[in-house]
Amino acid sequence: MRNVKFCAHSGLTLSAISYKLVLMKACILYRSDSEFSRIVEEYARDFEHFKGKVIELIDLNTRDGAAMATLYDILHNPTLVVIRDDGQLVKDWQGEHLPLKDELAGYLV
């Protein structure tokens, strides 16, 4: 149901529509003992420095990392995922080629 209000100053009708704010988070699943670990850690650090947003680093060698990889059907190391606050996978990049920081930031608005 929509609420309609009349604006006396301009004579315009304004509609009040409610929106649900959907939060997104970015995670990189990687193996901390692999040849990609330094690249992944630098990417996450640079992203936080330039974009002001944190990428969660999750080690695939841990129980939580392995469970997350199974949940989202992740087969490659590293994999960057964008996940909604309800756990739904929005986007993933699997393999060593991580997205441009601006592209990732667009998903985290």
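Up top you'll find the structure we're talking about.
A brief structural summary.

Calculation criteria
Residues numbered from 1 in each chain as written. Predicted model: local features only at pLDDT ≥ 70, side-chain atom pairs only at ≥ 80, totals over all residues. Heavy atoms only, no water. Helix = DSSP H or I, 4+ residues; strand = E, 2+ residues; numbered from the N terminus. Salt bridge = Lys/Arg side-chain N within 4 Å of Asp/Glu carboxyl O. Buried < 20%, exposed > 50% of the residue type's maximum accessible area, 1.4 Å probe, protein only. Contact = heavy atoms within 4.5 Å. Polar contact = N/O pair within 3.5 Å; in protein donor to acceptor, adjacent residues only side chain to side chain. Core = buried A, V, L, I, M, F, W, Y, C linked by side-chain atoms within 4.5 Å. Pairing = 2+ DSSP bridges.

## Side note on unusual backbone geometry
Next up, step 1: Pro 78 follows Asn 77 through a cis peptide bond whose omega is -5°.
Next up, step 2: Inspection of the secondary structure assignment puts Pro 78 in the loop between helix H2 (63-71) and strand E5 (79-84).
Next up, step 3: Even without a glycine there, the phi angle at Asp 73 is positive, about 55°.
Next up, step 4: Among the structural elements, Asp 73 can be located in the loop between H2 and E5.

## Here's the deal with the pattern of salt bridges
Next up, step 1: Inspection of every chain in the model, using the stated rule, returns four salt bridges.
Next up, step 2: Glu 42 serves as the salt-bridge partner of Arg 38, at 3.1 Å between the closest nitrogen and oxygen. Here Arg 38 pairs with Glu 42, and both are found in helix H1 (residues 37-51), just four residues apart, close to one helical turn.
Next up, step 3: Judged by its relative accessible area of 29%, Glu 42 is partly exposed.
Next up, step 4: Close ionic contact of Arg 84 with Asp 86 constitutes a salt bridge, the shortest N to O distance being 3.5 Å.

## Concerning the environment of Glu 56
Next up, step 1: Relative to the elements of secondary structure, Glu 56 occurs in strand E4 (residues 55-59).
Next up, step 2: Relative accessible area serves as the criterion here: at 36%, Glu 56 is assigned to the partly exposed category.
Next up, step 3: Taking the C-alpha atoms as reference points, Glu 56 and Val 81, 25 residues apart in sequence, are found 9.8 Å from one another.
Next up, step 4: Beyond its immediate chain neighbours, meaning those up to four positions away, Glu 56 contacts Lys 25, Ala 26, Cys 27 and Ile 28.
Next up, step 5: At 3.5 Å, the side chain of Glu 56 forms a polar contact with the side chain of Lys 25.

## Details of the nonpolar core
Next up, step 1: Membership of the largest hydrophobic core comes to 15 residues, with the highest contact counts inside it found for Ile 28, Tyr 43, Ile 55, Leu 80 and Leu 104.
Next up, step 2: In terms of residue count, H1 provides more of this core than any other element does, four residues in total.
Next up, step 3: Sequence-distant contacts of Tyr 43, that is, excluding residues within four places in its chain, are made with Ile 28, Ile 55, Leu 80, Leu 98, Pro 99, Leu 100, Lys 101 and Leu 104.
Next up, step 4: The next biggest cluster of nonpolar side chains, apart from the first, holds ten residues, and it includes Cys 27, Ile 58, Tyr 72 and Val 81.

## Some points on the pairing of E5
Next up, step 1: Here E5 lies mainly inside the structure; five of its six residues are buried.
Next up, step 2: Bridge count between strand E3 (residues 24-30) and E5: six bridges; the pairing is antiparallel. Residue Ile 28 lies in a different strand from E5, and its bridge partner there is Leu 80.
Next up, step 3: Across five bridges, the pairing between E5 and strand E6 (residues 89-94) is antiparallel. For Val 81, the partnering residue across the bridge sits in E6 and is Asp 92.
Next up, step 4: In textbook terms, the turn of a hairpin is the stretch between consecutive antiparallel strands, and for E5 and E6 this stretch comprises four residues, one of which, Gly 87, has a positive phi near 95°.

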